[in-house]
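Survey of secondary and tertiary structure
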Amino acid sequence: MSERITVLATTYRPDAPEFSREIADTILRRGGQVRVVLRSSLTANSAVAGHAQWLAERGAAPRVVDRLPLHAVLIDDSLAVVTEDDQDRLVRDPVAIDALGAAAERHWERAVPVTPLPGRSNRAEQVLRLLAQGLTDEAVARRIGVSVRTVRNEVAVTMTGMDAHSRFQAGVRAAQLGLI
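Residues numbered from 1 in each chain as written. Predicted model: local features only at pLDDT ≥ 70, side-chain atom pairs only at ≥ 80, totals over all residues. Heavy atoms only, no water.

**Points about unusual backbone geometry**
The test is simple: Secondary structure elements follow DSSP: runs of H or I no shorter than four residues count as helices, runs of E no shorter than two count as strands, and numbering proceeds from the N terminus. Only protein chains enter the accessibility calculation, which uses a 1.4 Å probe. A residue is then buried if its area is under 20% of the maximum for its type, exposed if over 50%, and partly exposed in between.
In this model, Asp-76 sits at a positive phi of 50°, which is unusual for a non-glycine residue. Mapping Asp-76 onto the fold places it in the loop between strand 4 (71-75) and strand 5 (79-84). What makes Asp-76 partly exposed here is its relative accessible area of 32%. In the Ramachandran plot, Asp-77 falls in the positive-phi region, its phi being about 55° despite a non-glycine side chain. Inspection of the secondary structure assignment puts Asp-77 in the loop between strand 4 and strand 5. Residue Asp-77 is classed as partly exposed on the basis of its relative accessible area of 47%.

**Description of the sheet that holds strand 7 (residues 112-113)**
The condition that has to hold: Strand pairing is assigned whenever DSSP identifies at least 2 bridges connecting the two strands.
Here we have seven strands laid out as an open sheet, ordered 6-5-4-1-2-3-7, and mixed in their pairing. This sheet does not close on itself; its edge strands, each paired only once, are strand 6 (87-91) and strand 7. Where strand 1 (residues 4-9) lies against strand 2 (residues 33-39), six bridges are found, and the strand directions are parallel. Within strand 2, the position partnered with Ala-9 by the bridge is Leu-38.

**A few points about helix 6 (residues 148-161)**
For clarity, the threshold we go by: Expected helix span is computed as 1.5 Å times (number of residues minus one). Directions are taken from the helix axis to each C-beta atom, and the arc is the one they span.
Helix length check: helix 6, at 14 residues, gives a terminal C-alpha distance of 20 Å against a target of 20 Å (1.5 Å per residue), a fit within 8%. Looking only at helix 6, the buried set comprises Val-151, Glu-154, Val-155, Thr-158, Met-159 and Gly-161. For helix 6, the buried positions fall inside an angular range of 165° around the axis, keeping them on one side. The outward face of helix 6, more than 90 degrees from its buried face, is lined by the exposed residues Arg-149 and Thr-160. Of the residues trailing helix 6, Asp-163 is marked for its positive phi of about 55°.

Here's what the structure looks like:
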């Protein structure tokens, strides 16, 4: 059984092995590693978002990135399946595997972890969307009927949950995660 699977997902196919919970669960239960990098546009798909949440709950938190040039699954750094034009190609050449592994590592390092926001609520989502529209804290508070302090608290909790050091960084991460 494989010990390490790395997935670079540019598209979603419900029947694809890279989105199989059974495969991921088997690898994780045996102490293996599952790393998934998703193109950020995929997180708008509820099935992909649910799979990402499921992985995160099992300690295999996937990551998202804006640009991903290829769709591939690397298995134990010895085999890869690359999907191009809806055709899967098996790659066994060690030089090609090394190149794919290096590319996967670069994407993994620059990707943003998908983590659920602690205490994420409809109000937190409303605050994020309204701030993304350019409203001030005061205008957001008036619009949703809460105090300015509540809005600022929601922003602070969101920033902490996203490990963001500024409101701008939180906004960028929220957009990458498909929250706004």
